[in-house]
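One-letter residues, chain by chain:
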Amino acid sequence: MNFIYRRSHRRLASAVALVATATTTALPATASAATDSPTYNYTSEVGDYLGQGNAEHYSPATADFVLENYWGNTAVRFTVLEPRHGGPYAGTYWVVYLSPPSGQRLHTGHYTGATSYPGATATAPGLRVEGEGRGCGTTYGEFTVRNISFDATGDPTHLDATVIARCDSTSAPAYTATLHY
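Residues numbered from 1 in each chain as written. Predicted model: local features only at pLDDT ≥ 70, side-chain atom pairs only at ≥ 80, totals over all residues. Heavy atoms only, no water.

## Some details on the nonpolar core
Test applied: Note on terminology: a nonpolar core comprises buried Ala, Val, Leu, Ile, Met, Phe, Trp, Tyr and Cys residues joined through side-chain atoms within 4.5 Å. Relative accessible area decides the class of each residue, using a 1.4 Å probe on protein chains only: under 20% of the type maximum gives buried, over 50% gives exposed, and in between gives partly exposed. Helical segments are the DSSP runs of H or I of at least four residues, strand segments are the runs of E of at least two, and each set is numbered from the N terminus.
Of all hydrophobic cores here, the largest spans 31 residues; its most connected members are Y40, V129 and L159. Per-element accounting of this core gives the leading share, five residues, to strand β10 (residues 156–167). Counting seven residues, the second largest nonpolar core, distinct from the first, contains Y70, L81, Y93 and V95.

## What about the pairing of strand β6 (residues 93–99)?
This is how it is decided: Strands were regarded as paired on the criterion that DSSP finds at least two bridges between them.
When you tally the buried positions in β6, you get seven out of seven residues, the bulk of the element. A two-sided burial pattern is seen for β6, the buried positions comprising Y93, V95, Y97 and S99 on one face and W94, V96 and L98 on the other. The pairing of strand β5 (residues 75–81) with β6 spans six bridges and is antiparallel. Following the sheet pairing, R77 is matched in β6 by Y97. As defined by bridge partners, β6 adjoins strand β8 (residues 126–131) across six bridges and the pair is classed as antiparallel.

## Some thoughts on the pairing of strand β4 (residues 64–70)
Across a regular strand the side chains alternate sides, sitting on one face of the sheet and then on the other. Of all seven residues in β4, seven are buried, a share of seventy percent or more. Here seven bridges tie β4 to β5, and the two strands are oriented antiparallel to one another. Note that in β5 the partner of N69 across the bridge is V76.

## What to know about the pattern of salt bridges
Side chains that carry opposite charge are capable of pairing whenever their charged atoms lie near each other. Threshold: The term salt bridge refers to a pairing of a side-chain nitrogen on Lys or Arg with a carboxyl oxygen on Asp or Glu at a separation within 4 Å.
By the definition in use, this model includes four salt bridges. A salt bridge links R134 to E132; the shortest N-O distance between them is 2.9 Å. Residue classification places R134 among the buried positions, given a relative accessible area of 14%. Judged by relative accessible area, E132 falls into the partly exposed class, the value being 32%.

## A short note on the packing of aromatic side chains
Under the convention used in this document: Classification of ring pairs uses Phe, Tyr and Trp, with its six-membered ring standing for Trp, and accepts pairs whose centres are within 6.5 Å; under 30 degrees between planes counts as stacked, over 60 as edge-to-face, and the remaining range as tilted.
What the rule picks out here adds up to 13 aromatic pairs. Note on F65 and F78: the rings are 6.1 Å apart at their centroids and 55° apart in plane angle, and the pair reads as tilted. One end of the pair, F65, is in strand β4; the other, F78, is in strand β5, and 13 residues separate them in sequence. Accessibility assignment for this pair places F65 and F78 in one class, buried. With centroids separated by 4.7 Å and ring planes inclined at 20°, the aromatic side chains of Y111 and F143 adopt a geometry described as stacked. In this pair, Y111 is assigned in strand β7 (residues 109–116) and F143 in strand β9 (residues 139–150), connecting sequence segments 32 residues apart. For the residue pair Y111 and F143, the accessibility class agrees, reading buried in each case. Site record: aromatic cluster; members linked through ring pairs are Y40, Y42, Y58, F65, F78, W94, Y175 and Y181.

## Digging into the state of the cysteines
Quick note on the threshold: A pair of cysteine sulfur atoms is labelled a disulfide when the two atoms are within 2.5 Å.
Counting across every chain of the model gives one disulfide. C136 shares a disulfide with C167; S-S distance 1.6 Å. Of the two residues, C136 sits in the loop between β8 and β9 while C167 sits in strand β10, which places them 31 residues apart along the sequence. With a relative accessible area of 3%, C136 lands in the buried category.

## Concerning the confidence of the model for the protein chain
Rules: Confidence of the predictor at the level of single residues is captured by pLDDT, which takes values from 0 to 100. Here, residues are in contact when the closest pair of their heavy atoms is within 4.5 Å.
Per-residue pLDDT for the protein chain averages 80, and the proportion of residues at 70 or more is 76%. Counted against residues more than four places away or in other chains, residues 1–34, with its pLDDT under 50, gives 123 contacts.

Rendered as structure tokens:
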């Protein structure tokens, strides 16, 4: 599989569908990926709409990854595309949008009280998770950015983060993902 470096969000727009959700719970202590290769792992509690109670792992052997600025640099978008059934991206995809409170740049730290992206406010970050044709109307959650870096033009080059998302209610079953790029 390939690492895909794209700057335009329009190239992936057709591969992405709905909206997702999240809420607050203590983030698990997860170790950063030991490799510089991108990975995406998720676990989904029973009853979670996004992950359907499943757990998955994606690596360069099974998927392509994209990390890019999104929507006028108000968010970072992490995309996982798993080719299937003969088409380049006719299979699984996951997209995670992470946005700091409005007027800020995404940096290392723990972001709580996240709401559906784009919905960041001066005090609340934005978060959205979509995948496999599923998303949620309202996202509640939190995320921790353990490491992030940008190149000289402001494009993201590295991300190590954990996300907890819940669909449509702060008490809904959790979808937890780790992102490494």
